[in-house]
Structures are given as structure tokens and as C-alpha cells.
Amino acid sequence: MRLRSFFFSIFSLSRSPSPSLPSSRFSSLSAAMSPALEKSRQGNGECNDDLKSKVTVVGSGNWGSVAAKLIASNALKLPSFHDEVRMWVFEEVLPNGEKLTDIINKTNENVKYLPGIKLGRNVVADPDLENAVKEANMLVFVTPHQFMDGICKRLDGKITGDVEAISLVKGMEVKKEGPCMISSLISKQLGINCCVLMGANIANEIAVEKFSEATVGYRESREIADTWVQLFSTPYFMVTPVHDVEGVELCGTLKNVVAIAAGFVDGLEMGNNTKAAIMRIGLREMKALSKLLFPSVKDSTFFESCGVADVITTCLGGRNRRVAEAYAKSGGKRSFDELEAEMLQGQKLQGVSTAREVYEVLNHCGWVEMFPLFSTVHQICTGRLQPEAIVQYREHKA
Ligand SMILES: NC(=O)c1ccc[n+]([C@@H]2O[C@H](COP(=O)([O-])OP(=O)(O)OC[C@H]3O[C@@H](n4cnc5c(N)ncnc54)[C@H](O)[C@@H]3O)[C@@H](O)[C@H]2O)c1
């Protein structure tokens, strides 16, 4: 019975029509984005201010700051966007006594989370969440996933008019009815449509404009997805739309668990063959769990940047891998919390909490045996198994 209601809730979530698409401004935006119209606007350099879209980035960590930089450079070039891009900053006082927001607005640099990179003069840091979103009709959510429930609660009832959202957040919430993807949390709590952008995107590499790709997952409107693609794309950041919001988001979420496993392998110096095996098994479990949760998820999504490419980059270079490597090197004696604080200086790990959330779902559904890699990662993270256990299981077919 519990399982039935759980399935009902996740399947109704996947099928529920997202809140109806915004009316006036977005239809005009879609029109504004047609190549012919855009060309004519670029020709005379004019665009009615009321029709211009305003973007706010909710979040200002490592990836949040890079996202603001990408968007800010495009907002200046595309006539259908206001030049100014707001960025909500979770206010912090730095060791020199200055507020992070003030420094960002003075130096145009997020000295704590993205030092050495200019964000663009048109990025305005704002410590007041409600003020930051109040005039925006395009919201980009990019904070560690554990803060998203609180942020959505603070914004509940405050978002009005025709507003579109996109989530760059990798992670999920587990509620008593089952897993809730962050895009669904945003859609349900704020009553707005929400796309996702995921991919093989280590923020510091994109910050220095090294070429990479990303995937936009969308539910309904291809036109809205194209607008997001346009807002993020640069010659060094190639974005592809995919009609599979759950598949794209689950790839971005679950790969962080695989990255933790890869970190254990590195910490134990098990070598490249073992790491490749872990990545393959991890990708297989990502696909199997995604399809069990959302049968609409497409196989082809796993071949996009959000799938195999993100698994590769995150298992080679990401922060989850790095901290898990240190954990294994300590023989499991140092806690993840301690290592996170010491190694990441305010940046947040996602893989350990995602492993716990995934385990809760597997346990709830009676699927633990079918996902030995995911389950083992959680048990190592909680100290119930030693890091060596990462290769000590038999693979079951999901
Ligand atoms: N960093 C990357 O390379 C990268 C790449 C792709 C996706 N992502 C995803 O982007 C999302 C955001 O990550 P990030 O790298 O921008 O952040 P981060 O881990 O670098 O920084 C943590 C952020 O959380 C904020 N914060 C701290 N306490 C908070 C609170 N109580 N409420 C709200 N905010 C608080 C901090 O001010 C800071 O902005 C995550 O889901 C991550 O998985 C990150």
C-alpha cells in the first residue's frame, strides 16, 4: 500500500502537467527569439524595454558565479534581455570584515567562490532574496540542493506573472511520499515551469573559457528550452536541448554518487581498470534507477553531456571524487564533514547527501539489492563498511 502510494506520487509527478506556460511576456519572448526578428532588432539596435526579459541567478557559489558570467555576457549581446543580471548572494562576512555582496559589487569578482574571474559589470549582487527575484521573469536556480527547500519556502507566493525557471542544481529531496526532483520542487512550490541544465561542467574550467558542453532538459515547450539554450550558449559552452527533464536531472544528480565511488578507488590506488569498471557500473545503475523512477526517461539522454560525459569528468576531476579520495586515504577515520570544511572552504559536497537520499529511496522500494554500487557508497560514507568494500559486491541486474 505504501509502495503503491509512493509510485502514484512519483508517477503523477512525472505526468502532472507543469503549471501552464506563461502568457504574454513569454509568447512575445519566443517571438523575440525568432532569428528574423532578432536580426532586425540587432539591425536597429532597439527593443521595447517592457518586452525584455530580466534574469536573476539564485545562488552565487562556484557554479552559480560561472553561470552568472555566462548569462551576463549574453544578456549584453541579445537585444531581448535586459543588460542587468541580478545574482542573489547568501550573505557572508569575510575575514577582513567586508560583506561578500559589497566586494562583488565593488570588484566584480566573487572573491570567495570564484576568485580571479570577472563576472561582468552588468552582474549585480543582491543579498535580499525577495528583492533579487521580484522583477525577474527568468530565474536560474543554482545552489547546493540541501538549501533549495528553504529557498522555495521563502519564495512561496512571491513569484507572480509569467515567470520561467531553470535548475542547475544537482540533487534531490526525499519526502515521505518519495523522491522529489529539484525542478519539481520549484514547479510545485512556486507554480512555474522549470527546465534543467546539467552536463560535464566543472565550474573552474568553464570560468576560464575552456570548451565544454551541457544539456538543457525540458518538459513541454521547445521554444522555452531554446531561449535557455540561447541565454547560456557561448562559443566555448555548447548547449543542447533534450526533451527529457527527469532523465537529464537524474543524470546530474546520480553521477555525484558515482564520483564518490571513483574517489574511493583513487584513494585506495586501485588503478584505471577498476575506476573504469566503477564508472560503467555506476552509469548502468544511473540508467536503471532513472527508468524505474520515471519510465519516460530516454536511453539517448545517457549519451548526452549530462550522462556519460558528466560521469567521466566528475570521476576524473570533481570535488566529490577529491574528498572521497581523502576519506579513503584516511581509512575512513576522518569524517566527510571535517574533510569538506577543510578541503572545500565553503563549497558544498553533494555526493554524500545524495547517496543517503538515494539509499532512502532504494530502501523504501525494496531495491537495495538491485543497486549494489549506490548502496555500498552510502554504507561506506556512513562508516558501516570500509572503503575497500567498493569492489566487494556481486553485480545484480536491475
Ligand atoms: N561547482 C561546480 O563545478 C558545479 C558544476 C555543475 C553543477 N554544480 C551544482 O551547482 C549547484 C551549486 O553549486 P555551487 O558550486 O555553485 O556552490 P558551492 O558549493 O561552490 O557554494 C556553496 C554556496 O552555498 C551558499 N550557502 C551556504 N549556506 C547557505 C544557506 N544556508 N542557504 C543558501 N545558500 C547557502 C554559499 O554562500 C555558496 O554560495 C550544486 O547543486 C552543484 O552540484 C556545481
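Criteria and thresholds
- Residues numbered from 1 in each chain as written.
- Predicted model: local features only at pLDDT ≥ 70, side-chain atom pairs only at ≥ 80, totals over all residues.
- Heavy atoms only, no water.
- Helix = DSSP H or I, 4+ residues; strand = E, 2+ residues; numbered from the N terminus.
- Buried < 20%, exposed > 50% of the residue type's maximum accessible area, 1.4 Å probe, protein only.
- Contact = heavy atoms within 4.5 Å.
- Areas by Shrake-Rupley, 256 points an atom, 1.4 Å probe, with all protein chains shown as cover.
- Near = heavy atom within 4 Å.
- Polar contact = N/O pair within 3.5 Å; in protein donor to acceptor, adjacent residues only side chain to side chain.
- Domains from an automatic or database assignment.
- UniProt positions renumbered as here; feature names shortened; annotations may be inferred.
- Disulfide = S-S within 2.5 Å.
- Core = buried A, V, L, I, M, F, W, Y, C linked by side-chain atoms within 4.5 Å.
- Pairing = 2+ DSSP bridges.
- Axes fitted to C-alpha atoms, helices over the stretch in contact; angles between N-to-C directions.

1. Section: the overall build of the chain
The helix and strand tally for the chain stands at 17 helices and 10 strands. For the chain, with 398 residues in total, the buried portion stands at 58%. The contacts in the chain between residues at least 6 apart in sequence include a share of 74% that link residues at least 24 apart. Carbon and sulfur atoms form 52% of the exposed surface of the chain, whose accessible area is close to 16,500 Å².

2. Here's the deal with the site of the ligand
As a structural note, the neighbourhood of the ligand is formed by 24 residues, with N62, N201, A203, R319 and K348 the closest of them. Backbone polar atom of G61 to an oxygen atom of the ligand: 3.2 Å apart, as the coordinates give it. For the ligand, a nitrogen atom lies 2.7 Å from a polar atom in the side chain of R319. Contact with the protein chains removes 88% of the 840 Å² of surface that the ligand exposes when unbound. The element that contributes the greatest number of residues to the shell around the ligand is helix α4 (residues 62–77), accounting for 3 residues. The two domains that each donate at least three residues to the shell around the ligand are domain 1 (49–243) and domain 2 (248–389).

3. Digging into the UniProt feature "active site" (unreviewed entry) in the chain
If you check UniProt for "active site" (unreviewed entry), the listed places come out as K255 in our numbering. Tracing the sequence through the fold places K255 in helix α11 (residues 245–267). Exposure remark for K255: the relative accessible area of 6% places this residue in the buried category.

4. Here's the deal with the state of the cysteines
Applying the stated criterion to the full structure yields 0 disulfides. C194 provides the cysteine sulfur closest to C195, a residue in no disulfide bond, and the two sulfurs are 6.9 Å apart.

5. Remarks on the nonpolar core
One finds F264, L289, F336, F374, V377 and I390 to be the most contacted residues of the largest nonpolar core, which totals 54 residues. Taken together, the elements giving at least two residues each to this core come down to β8 (193–198), α11, α12 (272–293), α13 (305–317), α14 (319–329), α15 (336–344), α16 (351–365) and α17 (372–381). Top contributing element to this core by residue count: α11, with 12 residues. Structurally, this core is a two-domain feature, drawing no fewer than three residues from each of domain 1 (49–243) and domain 2 (248–389). For L289, the contacting residues outside a window of four places in its chain are L254, V358, L362, W367, F371 and F374.

6. A word on the environment of G178
You can see G178 is positioned in strand β7 (residues 178–181). According to the relative accessible area criterion, G178 is buried, its value standing at 7%.

7. Focus: the sheet that holds strand β5 (residues 164–167)
In any sheet, the strands associate via hydrogen bonds between backbone groups, in a parallel or an antiparallel arrangement. In spatial order, the strands read β3-β2-β1-β4-β5-β8-β9-β10; together these 8 strands make up an open sheet with mixed pairing. For this open sheet the edge positions go to β3 (123–126) and β10 (237–242), each flanked by a neighbour on one side alone. With direction set aside, neighbouring strand axes in the sheet form an average angle of 25°. Sheet topology places strand β4 (residues 138–141) next to β5; 4 bridges connect them, and they run parallel. Looking at β5, one finds that L139 is bridged to A165. Sheet strands touched by helix α5 (residues 100–107): β2 (81–88) and β3. Its angle to β3, the strand with the most contacts, is close to 165°. Strand contacts of helix α7 (residues 148–155): β1 (53–58), β2 and β4, with the helix running at about 155° to β4, the strand carrying the most contacts.

8. Quick word on unusual backbone geometry
Of note, E209 is a non-glycine position whose phi angle comes to about 65°, a positive value. Tracing the chain through its elements places E209 in the loop between α9 (203–207) and β9 (212–217). Taking relative accessible area as the criterion, E209 reaches 44% and is therefore assigned partly exposed. In this model, E269 sits at a positive phi of 50°, which is unusual for a non-glycine residue. Here E269 lies in the loop between α11 and α12.

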